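Here is how the chains run, residue by residue.
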Amino acid sequence: MPPLEHCWTHCLSELERRLGADQFRIWIKPLVAEADDDGISLVVPNQIFLQFIRDRYLGIIEEAAASFGQDPAPAISLKVGQAKKAAPAPAARSMQPQQTSPIATPPPIIQAGSANHETTRLNPNFTFETLVTGKANQLGRAAAQQVSENPGVSYNPLFVYGGVGLGKTHLIQAIGNLVHQRNPRAKIRYIHAEKYVADVVRAYQHKAFDEFKRYYHSLDLLLIDDIQFFVGKDKTQEEFFYLFNTLVESHKQIVLTSDRIPREIDGLQERLTSRFSWGLTVAIEPPELEMRVAILLNKAERENFKLDANVAFFIAKHIRSNVRELEGALKRVLAYARFTNQPITLEAAKEALKDILASGNRQISVENIQKTVADFYKIKIADMHSKKRTRDIARPRQIAMTLTKELTQMSLPAIGDAFGGRDHTTVLHACRTIDDFRQNDSELAHQYGVLLQMLRS
């Protein structure tokens, strides 16, 4: 029988491939494997960490062990103990504002304030290395890296859409930074759509359209944020149409972001809507729980703090809408620690965020969820309680049940009662159905993300 340590080495390789670098580093790497009578026992630092691994990762760990080829496959068990061989786990970290230690971070690709930085308008901190990856942005990151390696060839344009504060700007600027790293002579420009509109207006005012066109048509990579701001600006759309054609025909890369998919941007010229769909359109969704925890731990490291996982879990469970609000909550907790000169405990975090938590608790109710979903899908609130099973009614009802489970503390039986006296198994089936759809149907996943943001805002 092959040694169990060989099996665990195989598991680590397989898990890193399947989960990605960030999830692997935070949740799998801290595990310490020990041989026992039945197979492999994985040592975790505390009970919370154990529960999270059991709920989220035990199944995939068992699949990796089974793929090793040992017959029978070694059993995988979990236990709380001291990790002797692994790096300190996130759950074992503590936070002391008075005791910080420098943490090595990769040097920025473009030094802030340099001529290159001023020309490209890129933020040197927005790189793939600093981007935490999870299910919410996995496809977007993969597409962005492919574009970075083959600009003007792989997907042109790359169109990234999603709600406010989900990391679209970070993702597309990471493309610019990597392209610049590989080719410092590439002519790159990151710009917000409003700034492009202002450039068009200025070119008209100063009769400088030749100069305007000469500059934009000479770019190797154009990154434009929030393209929905072109709506209602016909001359801007006309100029961008010609710019788009010129760059694509010259095999120059275009990357665009918006808060919605092209066909849902009312007021956008049809010829632009069509061209925006030529390449690849990917969605960025609100981050799932483990990704939110990873973002918090990663951000705390970059602030030279060590964050206790109990605090990270607490923040992540209550701030769900977007990355921007999540990082804002962490900054608030860090500031509270500094101002009060005390360590960040769970109680301190609750105190620092008490008004945010109180506001969220007041706003979210099953009635509010039902009304928001009904309005979104243009059905009646009464349909949430009815016995109708047509798809146009049943699917929004299942989405509303899933949102209620995620956003409230209601039990499954209580949710069933709120939706026309349904059994708790019906609610469980609805939640599992919508979770499956969110993984395989990008449009439904985007709609779910939009509803989440509406309810949390």
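In every chain, residue numbers begin from 1 and rise along the written sequence. The predicted origin of the model limits local features to residues at a pLDDT of at least 70 and limits the giving and counting of side-chain atom pairs to 80 or more, whereas totals for whole chains, interfaces and linings rest on all residues. The side-chain quantities take in all heavy atoms of the structure and omit both hydrogens and water.

**Comments concerning unusual backbone geometry**
The residue after Asn 156, namely Pro 157, is reached through a cis peptide bond having omega 5°. Counting from the N terminus, the helices are DSSP H or I runs at least four residues long and the strands are E runs at least two residues long. Along the chain, Pro 157 falls in the loop between helix H6 (138–149) and strand E4 (158–161). Backbone geometry at Lys 378 places phi at a positive 55°, although glycine is not the residue there. By secondary structure assignment, the location of Lys 378 is in the loop between helix H17 (366–377) and helix H18 (391–407). Burial classes: relative accessible area under 20% of the type maximum marks a residue as buried, over 50% as exposed, and values in between as partly exposed (1.4 Å probe, protein chains only). We classify Lys 378 as exposed; its relative accessible area is 75%.

**Brief notes about the nonpolar core**
Residues belong to one nonpolar core when they are buried, are Ala, Val, Leu, Ile, Met, Phe, Trp, Tyr or Cys, and are joined through side-chain atoms within 4.5 Å. Judged by nonpolar contacts, the single largest core of 58 residues is most densely connected at Trp 27, Leu 31, Tyr 57, Ile 61 and Ile 315. A per-element tally of this core places helix H12 (residues 289–302) first, with 8 residues. It only takes one pair of heavy atoms within 4.5 Å for two residues to be counted as in contact. Not counting chain neighbours up to four residues away, the residues in contact with Tyr 57 comprise Leu 19, Gln 23, Trp 27, Ile 28, Phe 52 and Glu 290. Formed by 30 residues, the second largest nonpolar core is a distinct cluster that contains Phe 159, Ala 193, Ile 261 and Phe 276.

**Side note on the layout of surface pockets**
Any residue with an atom within 4 Å of a point lines the site, the site being either a cavity, points on a 1 Å grid over the protein atoms alone where a 1.4 Å probe fits but cannot get out, or a pocket, an open set with protein on both sides within 12 Å along at least 5 of 7 lines. Grid points are joined across faces, edges and corners, and a volume is the space filled by probe spheres set on the points. Taken as a whole, the largest pocket encloses approximately 1600 Å³ of empty space. Lining the largest pocket we find 43 residues, and of these Arg 56, Glu 288, Leu 289, Glu 290 and Arg 438 sit closest to its centre. Listing elements by their share of the lining of the largest pocket, those giving two or more residues are helix H1 (4–19), helix H3 (47–56), H6, H12, helix H13 (309–318), H18, helix H20 (424–440) and helix H21 (442–456). With 7 residues, H20 is the single largest residue contributor to the lining of the largest pocket. The residue inventory of the lining of the largest pocket, partitioned by class, reads 18 nonpolar, 9 polar and 16 charged. Under this grouping Gly is polar, as are all residues other than the nonpolar Ala, Val, Leu, Ile, Met, Phe, Trp, Tyr, Cys and Pro and the charged Asp, Glu, Lys and Arg.

**Observations concerning the packing of H12 against helix H14 (residues 323–340)**
Taken N-terminus to C-terminus, the directions of H12 and H14 make an angle of 50°; their axes are 10 Å apart at the nearest point. Compared by their axis directions, H12 and H14 come out oblique. Note on packing geometry: the crossing formed by H12 with H14 is right-handed. Along its contact with H12, which presents Arg 292, Ile 295, Leu 296, Lys 299 and Ala 300, the element H14 presents Val 323, Leu 326, Glu 327, Leu 330 and Lys 331. When the residues that make up the contact of H12 with H14 are grouped by side-chain class, the tally is 6 nonpolar, no polar and 4 charged. The axes are straight lines fitted to the C-alpha atoms, using for helices just the contacting stretch, and the angles between their N-to-C directions are given from 0 to 180°. Any angle between 65 and 115 degrees counts as roughly perpendicular, while under 35 counts as roughly parallel, over 145 as roughly antiparallel, and the rest as oblique. For any helix crossing, the convention is left-handed if the near helix is rotated counterclockwise from the far helix by under a right angle, and right-handed if that rotation is clockwise.

**Some details on the side chain of Asn 177**
Along the chain, Asn 177 falls in helix H7 (residues 168–182). The class of Asn 177 is buried, set by a relative accessible area of 0%.

**Points about the confidence of the model for the protein chain**
Across the protein chain, pLDDT averages 82, with 88% of residues at or above 70. Between residues 83–118, whose pLDDT stays under 50, and residues either more than four places distant or in other chains, the model counts 81 contacts. pLDDT expresses, on a scale from 0 to 100, how confident the predictor is about each individual residue.

**Here we look at the pattern of salt bridges**
When the charged atoms of two side chains lie near each other, side chains of opposite charge can form a pair. Criterion for a salt bridge: a side-chain nitrogen of Lys or Arg within 4 Å of a carboxyl oxygen of Asp or Glu. Scanning the model with the defined rule gives 14 salt bridges in all. A salt bridge links Arg 17 to Glu 14; the shortest N-O distance between them is 2.5 Å. With Arg 17 and Glu 14 both in helix H1 and 3 residues apart, this pair spans about one turn of that helix. Given the relative accessible area of 59%, Arg 17 is considered exposed. A salt bridge links Asp 259 to Arg 260, with the nearest nitrogen and oxygen atoms 2.7 Å apart. The class of Arg 260 is partly exposed, set by a relative accessible area of 26%. Salt bridges here are not isolated pairs; linked through shared partners, they connect Lys 195, Asp 199 and Arg 202.

**A few points about the sheet that holds strand E3 (residues 75–80)**
Note on sheets: strands pair through backbone hydrogen bonds, and any given pair is parallel or antiparallel. A pair of strands is considered paired only if DSSP assigns at least 2 bridges between the two. On the basis of which strands lie adjacent, the open sheet formed by 3 strands has the order E1-E2-E3 and mixed pairing. If you trace the sheet from one side to the other, it starts and ends with strand E1 (32–35) and E3, each paired once. Across the sheet, the mean angle separating the axes of adjacent strands is 30° when strand polarity is ignored. Taken together, the 6 bridges between strand E2 (residues 39–44) and E3 define a ladder with parallel strand orientation. Counterpart to Val 44 in the pairing with E3 is Val 80. Helix-sheet contacts for H1 involve E1 and E2, and the interaxial angle to E2 is about 60°.

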